Structures are given as structure tokens and as C-alpha cells.
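Chains, contacts and geometry: an overview
What follows is each chain in one-letter form.
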Amino acid sequence: MTRVLIIVQNLPVPFDRRVWLECQALISDGHQVAVVCPKGRDDPAYEVIDTVEVYKYRPYAPGGSKVSFITEYAYSFLATAWLTFKARRSGRFGVMQACNPPDIFWPIGMALRALDRTRFVFDHHDLCPELYESRFSGGPKLPYRMLRAMERRTHRTADHVISTNESYRDVAVKRSGKPASKVTVVRSGPDPDRLKRGQAHPQLRRGRRFLAAYIGVMGPQDGVDIVVRAADIVVHEFGRDDIAFTLIGSGDCFDDLVRMRDELGLAGHVEFTGRVPDELVTQVMSTADVGLSPDPKNPLNDVSTMNKTMEYMAYELPVVAFDLHETRVSAGDAAVYVTPNDVHEYAKAVVALIDNESARARMAKLGRARVEQELAWSRQRPAYLGVYRDLTATGQAQS
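Structural notes, computed from the coordinates. All residue numbers refer to position in the chain's written sequence, counted from 1. Two thresholds apply to this predicted model, a pLDDT of at least 70 for residue-level local features and 80 or more for giving and counting side-chain atom pairs, whereas whole-chain, interface and lining totals are computed over all residues. Neither water nor hydrogens contribute to the side-chain values; these are computed over all heavy atoms in the structure.

1. Notes on the overall build of the chain
Here is the rule: Helix and strand definitions follow DSSP, with helices as H or I runs of at least four residues and strands as E runs of at least two, each counted in order from the N terminus. Contacts: residue pairs with any heavy atoms within 4.5 Å of one another. All accessibility values rest on the Shrake-Rupley procedure with a 1.4 Å probe; residue burial counts only the protein chains present in the view. The sign given to each residue is positive for Lys and Arg and negative for Asp and Glu; His and the chain ends receive no count. Charge coordinates come from a single atom per side chain, which is NZ of Lys, CZ of Arg, CG of Asp or CD of Glu.
In terms of helices and strands, the chain carries 14 helices and 14 strands. Here the C-alpha coordinates of the chain stretch approximately 65 × 45 × 40 Å along the principal axes. Within the chain, contacts between residues separated by at least 24 positions form 72% of all contacts whose residues are at least 6 apart in sequence. Of the accessible surface of the chain, which amounts to about 16700 Å², a share of 51% is contributed by carbon and sulfur atoms. Measuring between centres, the 52 positive side-chain charges of the chain sit 6 Å from its 50 negative side-chain charges.

Below is the structure:
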């Protein structure tokens, strides 16, 4: 039995669905698992969830500036290092898995390797250099170069890299020089047994005939402002009073987005729920007619896999998305693709899909089938566990 430590900084566990599925896979394969992550609202500093030990620290809320992100990363590193060695008191770790962003935890991996011969797995969730480019377009190049250096160091320090898609795998191999044999693609597939369409709850349409839904993070690069502006076009330009919008989630931009909605006079049409229990998520997704993936085209989004898109597909929701490379790879024919970053075209596509019931039904079936047959976590799980089996079988760290 191997003791595994998983480090994640940008979301609490089990709210981070990918990390939680990984924890469950490891436990089912006979491993012990501990997690270090930030606290969610009202979370305790330590708890055991389904045998997973979860150590949590109070998150640092960035102000959105470059300096605040540096401060956040420094604070997160120190808090994570402290809790890592606190968790280590219960026994050495055979494997440490660090999830990004940010790419700052490789020194902890090196320290555990020196102390305990711990193997280091890097689970590559985001491209931090491209994240910087997307948030601070036209900004100074020094931070970008520093992020590239940290990304490269993380890749090269890791015994094995797990990439969420082929685009990220190319970054590890071609940009960081990681041997291709040390990089495995494990997509963030949804669990179709848990995420599936149930009974509709008409009251969630709030008196309207149709419902368009969004679920996910609400940061500067996520395009939720596009949903609000598209809703403004749908309601005030197209005169469609029969479509409700429900937006689930939270993030750096949440307050600004609510303010934008109110300034546009959309309070009766657009609902922001914040983070809600899984039961309500299922009710909303089972009632909705379309799923919204408004991620604008930028250096990060074009090559990133959007979890929300695949969750919509699991709930048999046709998707409206901008035409991004990896979004097409995920959704295939289950989505309508719009010229990137064109808000007016996005609004038109939402209305057109709402009004085409047969297209919605066809796309819903295609999306669900794609999840079950190709994208589901059960299809990704063997590759993920295979990385651990190889590392724990060798008993030697390799870089």
C-alpha cells in the first residue's frame, strides 16, 4: 500500500471534481490518500472524507494585479509546505502529486524525494504562461519568462507528467523537453453515473419557457461577462422574454458580473447562484435547454479542455461555444460553434438553438453518447492508475 499526497491550490477538495475522482481511483486501487488544498467556505482545517485525509489552509484572495498574484503564490507555497510536512508526521509519502496552477510546488517534490525517495507526479491542469498572457495581454515579458521557467522546471523535476489533453502533452514534450514516454494524457472526463439528466424542475425557469445554464469558474478568462452581454442582446435587442439564464459558480469576477447584470437591467432574467450543492446543480442541468461555454479565444482557452462543456454533454445539454481547438476535440457535434469572441453571434446562436428543438435533441444524444463511450472518467481512469502502478513498481525516482 502506497501513501499518496495530492497538492492542489486553486480549488478546495472535493469541489475540484478531477482531483476528487483521482482520489477515489487511488483509494480503490489500494492506496492511502492525503490532500493539501485551500479551504472552501466554512470548511474545517482538517477532515477525513471517504478515507481521504484533507488538510486545508485559509485561501489568499488575489486583488487581480500582478503583485497580488505573486503574493498569493508565495503564501500558498508556504501554507502548502507547512501542511505537507504536518501530514508527513503520519508516515512518509511514496508519491506526491502536484496539480497546477501555479507551477511552484516542485521544490516540495524535491524535498520529499531527498528525504523519503518520494516520486513526484505533475498533474498539468493549466498553462500558467498562457494564463498570464490571457489575463495581462500586452503586459511585461519578464513575468511570462519566469512562468515559462517554472513550468519547465516542474516538468523536468517530475518523474511523470499527466496532461489533460494532447495540446498540453505537446507543451511538456516540445516546450519543456520532457521525454514523451514520461507524459501521459488523462482527460478530465465526467462521471456519467453521477452526472446524468433527471427530472426537470419547471420552477427553476422562473416563469419562462426556456433555460440557458452556465456552470464553472468566474474569472477574467472565463467569458462569463459574454453571457451577461449576450443575455442583454437576447432580451433587449431580440425582445426574447421567454429565456431565463442561470449562472452557477463563483470566482474573482463574481461581484463585477452581478453589478453588470444589474446595470443592464437583467436582474429578472439572469440569476447568479454562487456555488451550490450538487443536488441543485443536477436540478438546474436537468431543467436547462442549452449549456453555455463562453470561453473567449485566447492563448490559454484555445488549447484547454473545458470541464463544463463535458458536464453539459453528460446532462444531455447541447452546447453553445466559441470555435476553440480543444473545445471541438471535446464536444464534436454536440456543440454549436460561433466565431470567437463575437458576442452578438453568440447571442444569435443561443436563440437559434433554443428555437430548434430537433437539433437540441440530436445534439443531446450525441453528447451523452460521446461522454459514455470516450470521455467518461471510467475511460480515463486506467491510464491514470497506470502511471502510479509504473512508478510504485520501479521503486526509483526518475527525472
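2. Quick look at the packing of aromatic side chains
Formally: In summary, the pairing rule links any two rings of Phe, Tyr or Trp, Trp by its six-membered ring, whose centres are within 6.5 Å, and it sorts them by plane angle into stacked for under 30 degrees, edge-to-face for over 60 and tilted for everything else. Residue burial is assigned from relative accessible area. The probe radius is 1.4 Å, only protein chains are included, and a residue is buried under 20% of its type maximum, exposed over 50%, and partly exposed in between. A ring is scored as having a charge over it whenever the NZ atom of a lysine or the CZ atom of an arginine sits within 6 Å of its centre and within 35 degrees of its normal.
Overall, the coordinates contain nine aromatic pairs when judged by the stated rule. Between tryptophan 377 and tyrosine 384 the ring centres are 5.9 Å apart and the planes differ by 55°, which places this aromatic pair in the tilted class. For the pair tryptophan 377 and tyrosine 384, one class covers both residues: buried. Grouped by ring-pair contacts, the aromatic residues Tyr57, Tyr60 and Tyr75 constitute a single cluster. Positioned above the aromatic ring of phenylalanine 15 is the side chain of arginine 275, whose terminal nitrogen or guanidinium carbon lies 4.3 Å from the ring centre. Across the ring face of tyrosine 337, the terminal group of arginine 328 is positioned such that the distance to the ring centre comes to 4.1 Å.

3. Focus on the side chain of aspartate 16
What counts, and what does not: N or O atoms closer than or at 3.5 Å make up a polar contact, with two conditions inside protein: a donor-capable atom paired with an acceptor-capable one, and, for residues adjacent in sequence, both atoms drawn from side chains.
Topologically, aspartate 16 is positioned in the loop between strand S1 (3-7) and helix H1 (17-28). A polar atom in the side chain of aspartate 16 sits 3.3 Å from the backbone nitrogen of arginine 18. Apart from residues lying up to four places away in sequence, aspartate 16 is in contact with Val8, Asn10, Leu11 and His125.

4. Some thoughts on the packing of helix H7 (residues 224-237) against helix H8 (residues 254-263)
The following threshold applies: To define axes, lines are fitted to C-alpha atoms, for helices over the stretch in contact only, and angles between the resulting N-to-C directions are given on a 0 to 180 degree scale. In these notes the angle categories are as follows: under 35 degrees is roughly parallel, over 145 is roughly antiparallel, 65 to 115 is roughly perpendicular, and the rest is oblique. Residue type decides the class: Asp, Glu, Lys and Arg count as charged, Ala, Val, Leu, Ile, Met, Phe, Trp, Tyr, Cys and Pro as nonpolar, and the leftover types, Gly among them, as polar.
It is the contact of H7 with H8, at a shortest axis distance of 10 Å, that shows an interaxial angle of 10°. Put simply, H7 runs roughly parallel to H8. Residues Val224, Asp225, Val228 and Arg229 of H7 form the contact with H8, whose own contacting residues are Leu257, Met260 and Arg261. Split by residue class, the contact of H7 with H8 holds four nonpolar, no polar and three charged.

5. Some details on the pairing of strand S2 (residues 32-38)
We apply this condition: Here, the term right-handed applies to a crossover whose path from the first strand over the helix to the second runs clockwise when the strands point away from the viewer. Here, a strand pair is defined by DSSP locating no fewer than two bridges between the strands.
Within S2, six of the seven residues are buried, leaving the element largely enclosed by the surrounding structure. Between the parallel elements S1 and S2, the chain passes through H1 in a crossover that is right-handed. The sheet contact formed by S2 and strand S4 (residues 52-57) spans five bridges and is parallel. Among the inter-strand pairings, valine 36 is bridged to a residue of S4, identified as tyrosine 55.

6. Considerations on helix H3 (residues 106-116)
In plain terms, the rule: Taken from the helix axis, the directions to the C-beta atoms give the arc we talk about.
For H3, every residue scored as buried is listed here: Ile108, Gly109, Leu112 and Asp116. Each buried residue of H3 lies within a common arc of 100° when the element is viewed along its axis, so the set occupies one face.

7. Thoughts on the sheet that holds strand S14 (residues 335-338)
Across a sheet, paired strands are connected by hydrogen bonds in the backbone, their directions being either parallel or antiparallel. Pairing is parallel across the open sheet formed by six strands, whose spatial order is S11-S10-S9-S12-S13-S14. Each having just a single partner strand, strand S11 (270-274) and S14 make up the two edges of the open sheet. With direction set aside, neighbouring strand axes in the sheet form an average angle of 25°. When strand S10 (residues 243-248) meets S11, the two strands line up parallel, connected through four bridges. If you follow phenylalanine 245 over to S11, its bridge partner there is valine 270.

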